[in-house]
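A structural walkthrough
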Amino acid sequence: MTEFPKIFRIPLADWIDVAMDWVLTAWGGFFDTVGDAILKFLLQLERFFLWVPWFVVVIFIGILAWRLMGRWWHGIAMAGMLVLIGTFGYWDLAMMTLALVTGAVILSLVFGIPMGIAMARSNLLESIVKPILDAMQTMPSFVYLIPALMLFGLGKVPALFSTIIYSMPPVIRLTNVGIREVSKSVVEAAEAFGANSWQILFNVQLPLAQPSIMVGINQTTMMALAMVVVASMIGARGLGMEVLLAINRIEVGRGFEAGLCIVILAIIIDRITHALASRQKK
Amino acid sequence: MPDDSGDTPEPCLEVRNVWKVFGEKTDSVMDSDLKNASKEEILEKSGCVLALRNISFKVTPGEFFVLMGLSGSGKSTLVRCLIRLIEPTAGEILIKGEDVCRLEKKRLRRLRRTVTGMVFQQFGLFPHYTVLDNVAYGLKIRGIKKEDRYEAALKAIETVGLKGWEDSLPGALSGGMQQRVGIARSLAINPEILLMDEPFSGLDPLIRREMQDELVALQDQLQKTIIFVTHDLHEALKLGSRIAIMRNGEIIQVDAPEDVISSPADDYVQDFVQDASPAKVLRAGTIMETPVLLLYEWQGPKVAKTLLSKSDQERAFVITKDHRLKGLATHEILEALIADGAKDLRNRLIEDVPRCTPEMTVEELFPLATSSPYPIAVLDEKGKFLGDIRNRTIINSMIQDTGK
């Protein structure tokens, strides 16, 4: 009696497997094309990050941090941490990771912000998308790493794909919330003066939702960085893979160095995007 | 009743049988007898909330039309229905002969951009725009070039007395100033009809009065048609050329302010009118008294002294032949005049007597009454003496009115 009756069993797993097979045979070409396009985009990004001389990056980040965060020693600290990555010998790998994160964030924003806007305008869409976002964030990432692998093959593309799945929800959510929280009276005023919905969106809603959207961008970036490390398991080169190799070979020191580099990247990205977000608020 | 007849000029706004029902099954209310039931019954039977019931009125160009009612009476809903910020459920709204309810979106937006301007209780300013950009917004939407719209905006800003604040953000301004920006924003598009939804309710009383006075002056100058929503009877009486009183989504009286006070349509209006502090409603001309004794300037001081003693008075006003106020005489002054050997009452009188016109409200008399030990003389615009008001008279008038 304590056992759940077998008769009620829903073979969801089988269905998904069948669907996956079908997608692979029927849509394989499509995914190949998309994958190629994404790969080209990523390789360009990576080439750019590797092409820029290290001292230019260090100086640029230093000045950016100083300007955004307001204190000269903030700039020195950020630049110093970047130099530390170089001293560990992980400059190139860090730049590869950064390229992947940048790619993931760009694509997350390109799809996420319009989605957030659409959600803010339709209660129906919001009620549909919200549970999907929950699933995207809570589903263990390995579950969709494998299908991504089957669709796009090994390498950067499935890594990017699964990174986007994980990192896109915050920016969607916060764009949605930001727009919905814009004061009704302000929107009504724009309406009363004859603004159409595009004018209301660009003149009123987006500017006023900007602080919220900036927080979303910050969170999306942090999530992308966290996921890029996991995604290195399916063949994306970068700091994550270094950690993975070190673990496999039980090289504690090496793992620690690579891990520290990831932490440094995280701190720099977080502080800079955070400063950007709070600057918009003023 | 809501229907206002008479040989008025062509209305620029006409509302005909407008209904608003909030809820999902509005048809079930509108297509049945249920629509004539009470608000509560409608809510119970259909789940719909009746906000406006069969509203009709006309507004002529240049009129200051006030919609007054307590919160929940539907006045804000009604003013929003006029430009379909809220869609009316049934009825016609004619602005310059065109039915707003039938306009397609584009035409409706054009109406909002060019014909009507709106001012909100919560100001509705764009916090990320400067005052100048806020005021110019209506013109920006219309696609007017930057220089042109800034020029018009600067003019509007000057009109409301905010010159020099163009580059501030609304958040840096006080409530009163923010609402000035709101008014300037609606004036900048040079609308024919100004819709004002409780524009001064969020302001503190002193500022509110100041803004009301300025709006009156502005209206004199610009001659816009104004639809003004308020819950404040004093405001309605002060500003409106006509007042529509609303209750439970219905208009129960449309009249000039005097008529609203003197012949309230029903108990509800009566209560409303009574609620008004008599100090704000009663006027000097109503409460003034004819003095027990008036002295004439050609009378001799001895005669005057006798008259004053006989009538048991402390003092009396002295007037000229053509009934103008000469001054105030007391026992001491008359004795002094007698000692002088004066033949008449043309000298030594107290001339620093508080004066007022019959139109002034009792509230405005308070400072006069407290600043001087003498009664207030009521004079018409030609300076003719009409009567006097003593502190006791003021107090009595207040007691009588509230005691009803």
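Just so it is clear, the model here is predicted, and its values are computed rather than measured.

So, the overall build of chain B
Of regular secondary structure, chain B possesses 17 helices and 16 strands. Computed over C-alpha atoms, the radius of gyration of chain B comes to 27 Å, more than 25% over the 22 Å expected from 2.2 N^0.38 for 404 residues, which places it beyond the range of a compact globule. Viewed in the frame of its principal axes, chain B has a C-alpha envelope of about 90 × 55 × 40 Å. Split into buried and exposed, the 404 residues of chain B put 52% on the buried side.

Some remarks on the overall build of chain A
In terms of helices and strands, chain A carries eleven helices and zero strands. Here chain A holds 282 residues, and 47% of them are scored as buried. Put simply, 78% of the contacts in chain A that link residues at least 6 apart link residues at least 24 apart. Carbon and sulfur atoms form 71% of the exposed surface of chain A, whose accessible area is close to 15100 Å². The positive charge centre, built from 19 side chains, and the negative charge centre, built from 17, are 10 Å apart in chain A.

Section: empty space enclosed by the protein
Residues and elements named next belong to chain B. Enumeration according to the criterion identifies four cavities of 30 Å³ or more in this entry. If you go around the largest cavity, the residues you meet are P291, V292, L293, Q313, R315, A316, F317, L328, P375, D388 and R390. The leading source of residues in the lining of the largest cavity is strand β12 (residues 315-319), at three residues. For the lining of the largest cavity, the residue count by class is seven nonpolar, one polar and three charged.

Remarks on unusual backbone geometry
Residue and element names in this part refer to chain B. In the Ramachandran plot, N190 falls in the positive-phi region, its phi being about 50 degrees despite a non-glycine side chain. On the secondary structure map, N190 appears in the loop between α7 (175-188) and β7 (193-197). Look at Q223: it is not a glycine, yet its phi comes out positive at around 55 degrees. Tracing the chain through its elements places Q223 in the loop between α8 (205-222) and β8 (225-230). We classify Q223 as partly exposed; its relative accessible area is 47%.

Some words on a nonpolar patch on the surface
Residues and elements named next belong to chain A. There is a patch of nonpolar side chains on the surface, built from W54, F55, V56, I59, I63, W66, W72, W73, I76 and V83 and spanning about 1100 Å² of accessible area. Those elements that provide at least two residues to the nonpolar patch are α2 (54-69) and α3 (72-87). Top contributing element to the nonpolar patch by residue count: α2, with six residues. When you line up the elements, V56 lands in helix α2.

Focus on the environment of T138 of chain A
Mapped onto the fold, T138 of chain A is located in helix α5 (residues 123-138). Given a relative accessible area of 64%, T138 of chain A falls into the exposed group.

Topic: the side chain of T320 of chain B
All names here are of chain B. You can see T320 is positioned in the loop between β12 and β13 (325-330). Given the relative accessible area of 12%, T320 is considered buried. Reaching out from T320, the side chain makes a polar contact with the side chain of D322 at a distance of 2.6 Å. T320 has contacts with Y296, E297, W298 and K326, leaving out every residue within four places of it along the chain.

Focus on the layout of surface pockets
Its boundaries defined by the atoms lining it, the second largest pocket holds a volume of some 710 Å³. Contributing to the lining of the second largest pocket are 22 residues, with V187, E191, S197, I200 and Q205 of chain A lying nearest its centre. At the level of secondary structure, the elements contributing two or more residues to the lining of the second largest pocket comprise α4 (91-121), α7 (156-180), α8 (184-192) and α9 (197-231) of chain A together with α4 (105-114) of chain B. Of the residues belonging to the lining of the second largest pocket, the class tally is eight nonpolar, four polar and ten charged.

A short note on the packing of α5 of chain A against α7 of chain A
Residue and element names in this part refer to chain A. Where α5 meets α7, the closest approach of the two axes is 9 Å, and the angle between their N-to-C directions is 145 degrees. Crossing of α5 over α7 shows left-handed handedness. Every residue of α7 that contacts α5 at N123, E126, L133, D134, M136 and Q137 is listed here: I165, Y166, M168, P169, P170, I172, R173, N176 and R180. Split by residue class, the contact of α5 with α7 holds eight nonpolar, three polar and four charged.

A closer look at the sheet that holds strand β3 (residues 64-68) of chain B
Residues and elements named next belong to chain B. Here six strands make up an open sheet; going across it, the order is β6-β7-β8-β3-β9-β10 and the pairing mixed. Strands with a single pairing partner mark the edges of an open sheet, and in this sheet they are β6 (116-119) and β10 (250-255). On average, adjacent strands in this sheet sit at an angle of 15 degrees to one another, irrespective of strand direction.

Remarks on the confidence of the model for chain A
In this model, chain A carries an average pLDDT of 88, and 99% of its residues clear a pLDDT of 70 or more. Within chain A, α8 of chain A carries the highest mean pLDDT (93), whereas helix α6 (residues 141-152) of chain A carries the lowest (82).

Points about α8 of chain B
In an α-helix, one turn spans 3.6 residues, which is why side chains three or four residues apart end up on the same side. Residues and elements named next belong to chain B. In a regular helix each residue adds 1.5 Å, so 18 residues correspond to 26 Å; α8 covers 25 Å between its end C-alpha atoms and thus fits that length. Within α8, the full set of buried residues consists of M211, Q212, L215, L218 and Q219. End-on, the buried residues of α8 take up no more than an arc of 125 degrees, which puts them together on one face. Facing away from the buried side of α8 by over 90 degrees, the exposed positions are L206, D220 and Q221. Among the structural elements, β3, α6 (146-159), α7, β7, β8 and α9 (233-239) are those in contact with the buried residues of α8. In the segment just after α8, Q223 is the residue with positive phi, at about 55 degrees.

Comments concerning α6 of chain B
Residues and elements named next belong to chain B. Between its terminal C-alpha atoms α6 stretches 20 Å, which fits the 20 Å expected from 14 residues at 1.5 Å a residue. Of all the positions in α6, only R149, A153, A156 and I157 are classed as buried. Within α6, the buried residues cover an arc of 100 degrees as seen down the axis, which keeps them to one side. Seen from the buried face of α6, the exposed residues on the opposite side, beyond 90 degrees, are E147, E151 and K155. Lining the buried residues of α6 we find α5 (131-141) and α7. Residue G161 follows α6 closely and has a positive phi angle near 80 degrees.

A closer look at the sheet that holds β13 of chain B
Residue and element names in this part refer to chain B. The sheet built from three strands is open, its strands ordered β11-β12-β13 with mixed pairing. Across the chains shown, the open sheet's two edge strands, defined by having one partner strand only, are β11 (294-296) and β13. Shown here is a sheet whose adjacent strand axes are inclined to one another by a mean of 35 degrees, direction ignored. In this sheet, β12 lies alongside β11 in parallel orientation, the contact comprising three bridges. When the sheet's bridge partners are listed, L295 is paired in β12 with V318.

Here's the deal with the pattern of salt bridges
Residues and elements named next belong to chain B. Overall, the coordinates contain 30 salt bridges over all chains when judged by the stated rule. Between E198 and K75 there is a salt bridge whose closest N-O contact spans 3.3 Å. Residue E198 is located in the loop between β7 and α8, and its partner K75 is located in helix α3 (residues 75-82); the two are separated by 123 residues in the primary sequence. Pair check on accessibility: E198 and K75 agree, each one buried. The shortest N-O distance in the salt bridge between D99 and R102 comes to 3.9 Å.

Thresholds applied
Residues numbered from 1 in each chain as written. Chains lettered and ligands numbered in written order. Predicted model: local features only at pLDDT ≥ 70, side-chain atom pairs only at ≥ 80, totals over all residues. Heavy atoms only, no water. Helix = DSSP H or I, 4+ residues; strand = E, 2+ residues; numbered from the N terminus. Rg over C-alpha atoms; globule rule 2.2 N^0.38 Å. Buried < 20%, exposed > 50% of the residue type's maximum accessible area, 1.4 Å probe, protein only. Contact = heavy atoms within 4.5 Å. Areas by Shrake-Rupley, 256 points an atom, 1.4 Å probe, with all protein chains shown as cover. Lys, Arg positive; Asp, Glu negative; His and termini not counted. Charge placed at Lys NZ, Arg CZ, Asp CG, Glu CD. 1 Å grid on protein atoms, 1.4 Å probe; cavity = no way out; pocket = protein on both sides within 12 Å on 5 of 7 lines; lining within 4 Å. Points joined across faces, edges and corners; volume = space filled by probe spheres on them. Nonpolar A, V, L, I, M, F, W, Y, C, P; charged D, E, K, R; others polar. Patch = residues over 30% accessible without salt bridge, like charges linked within 9 Å, V, L, I, M, F, W, Y side chains within 5 Å. Salt bridge = Lys/Arg side-chain N within 4 Å of Asp/Glu carboxyl O. Polar contact = N/O pair within 3.5 Å; in protein donor to acceptor, adjacent residues only side chain to side chain. Axes fitted to C-alpha atoms, helices over the stretch in contact; angles between N-to-C directions. Left-handed = near helix turned anticlockwise from the far one by under 90°. Pairing = 2+ DSSP bridges. pLDDT = per-residue confidence, 0-100. Expected span 1.5 Å × (residues − 1). Arc of directions from axis to C-beta.

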